[in-house]
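Analysis of the macromolecular model
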Amino acid sequence: MAFTPLHDRVLVRRIESDEKTKGGLIIPDSAKEKPAEGEVIAVGAGAKDDDGDRIPMDVKAGDRILFGKWSGTEVTVDGQELLIMKESDILGVIA
């Protein structure tokens, strides 16, 4: 991929949720919420502190993450619908 986020930004691919509930009901597309889970595709080099030193990123490419419902900006890169967001928008890493 020919895209590298800058500073403390992260490029994320949404991970789609199941189309059925645990009880077996099929959820129509109109009732689905956008998933708040994704996979990190690329990360920036990190923000700089007051002294100009880089603050290392806590996430890396390949991590599965949770993020806020309204987090990030939708972008299209190489024909894929992706999100770009600040590292602070990430709620946690799924182990």
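Details of the structure are given in the entry above.
Okay, so let's go over this structure. None of the values given here were measured: they were computed from a predicted structure.

Turning next to the pattern of salt bridges. One pass over the structure, following the stated rule, counts five salt bridges. The closest approach of N and O atoms between glutamate 74 and arginine 14, which form a salt bridge, is 3.7 Å. A residue pair is termed long-range when its members are at least 10 positions apart, and glutamate 74 in strand S4 (residues 73-77) and arginine 14 in strand S1 (residues 9-14) qualify at 60 residues. As a salt-bridge pair, arginine 64 and glutamate 37 come within 2.0 Å of each other at their nearest N and O atoms. With arginine 64 in strand S3 (residues 64-67) and glutamate 37 in strand S2 (residues 37-43), this residue pair connects regions lying 27 residues apart in the sequence. By relative accessible area, which is 39% here, arginine 64 ends up partly exposed. Overall, the relative accessible area of 22% leaves glutamate 37 in the partly exposed class.

Now for a negative patch on the surface. A surface patch of like charges, here negative, comprises Asp49, Asp50, Asp51 and Asp53. Position of aspartate 50 among the secondary structure elements: in the loop between S2 and S3. A relative accessible area of 83% means that aspartate 50 is categorised as exposed.

Generally speaking, nonpolar side chains in soluble globular proteins are found buried as a group. Formed by Val10, Val12, Val40, Met57, Val59, Ile65, Phe67, Leu83, Met85 and Ile90, the largest nonpolar core amounts to ten residues. Once residues within four sequence positions are removed from consideration, methionine 85 is found in contact with Asp8, Arg9, Val10, Val12, Phe67, Ser71, Gly72 and Ile90. Leu11, Ala42, Leu82 and Ile84 belong to the second-largest nonpolar core, a separate cluster that totals five residues.

Sheet topology note: the S1/S2 ladder contains five bridges and is antiparallel. Residue pairing across strands places valine 12 opposite valine 40, the latter belonging to S2. Where S2 meets S3, three bridges bridge the pair, whose relative direction is antiparallel. Opposite glutamate 39, over in S3, you have arginine 64 as the bridge partner.

Positive phi, normally seen in glycine, also occurs at histidine 7, with a value near 55°. One can find histidine 7 in the segment before S1. Unlike most non-glycine residues, aspartate 78 shows phi in positive territory, near 50°. The residue aspartate 78 is located in the loop between S4 and strand S5 (80-86) in this model.

Criteria and thresholds
Once a new chain begins, its residue numbering starts again from 1 and follows that chain's sequence as written. In view of the model being predicted, local features appear only for residues whose pLDDT reaches at least 70, and side-chain atom pairs are presented and counted only at 80 or more, with totals across whole chains, interfaces and linings using the full set of residues. Hydrogens are left out, water is left out, and the side-chain values use all remaining heavy atoms of the structure. We define a salt bridge as a contact between a side-chain nitrogen of Lys or Arg and a carboxyl oxygen of Asp or Glu at a distance within 4 Å. In DSSP terms, a helix is any run of H or I states spanning at least four residues, a strand is any run of E spanning at least two, and both are numbered starting from the N terminus. The buried label goes to any residue with under 20% of its type's maximum accessible area, the exposed label to any with over 50%, and the partly exposed label to all in between, with areas taken from a 1.4 Å probe on protein chains only. Patches draw on residues past 30% relative accessible area with no salt bridge. Two like charges within 9 Å are joined, as are two nonpolar side chains (Val, Leu, Ile, Met, Phe, Trp, Tyr) within 5 Å. Note on areas: Shrake-Rupley with a 1.4 Å probe; residue coverage comes only from the protein chains shown. For the purpose of charge, His is not counted, nor are the chain termini; Lys and Arg are scored as positive and Asp and Glu as negative. Here the site of a charge means NZ on Lys, CZ on Arg, CG on Asp, or CD on Glu. What we call a nonpolar core is a set of buried Ala, Val, Leu, Ile, Met, Phe, Trp, Tyr and Cys residues that are connected through their side-chain atoms within 4.5 Å. In what follows, a contact means two residues having at least one pair of non-hydrogen atoms within 4.5 Å. Two strands pair under a simple rule: DSSP has to find at least two bridges between them.

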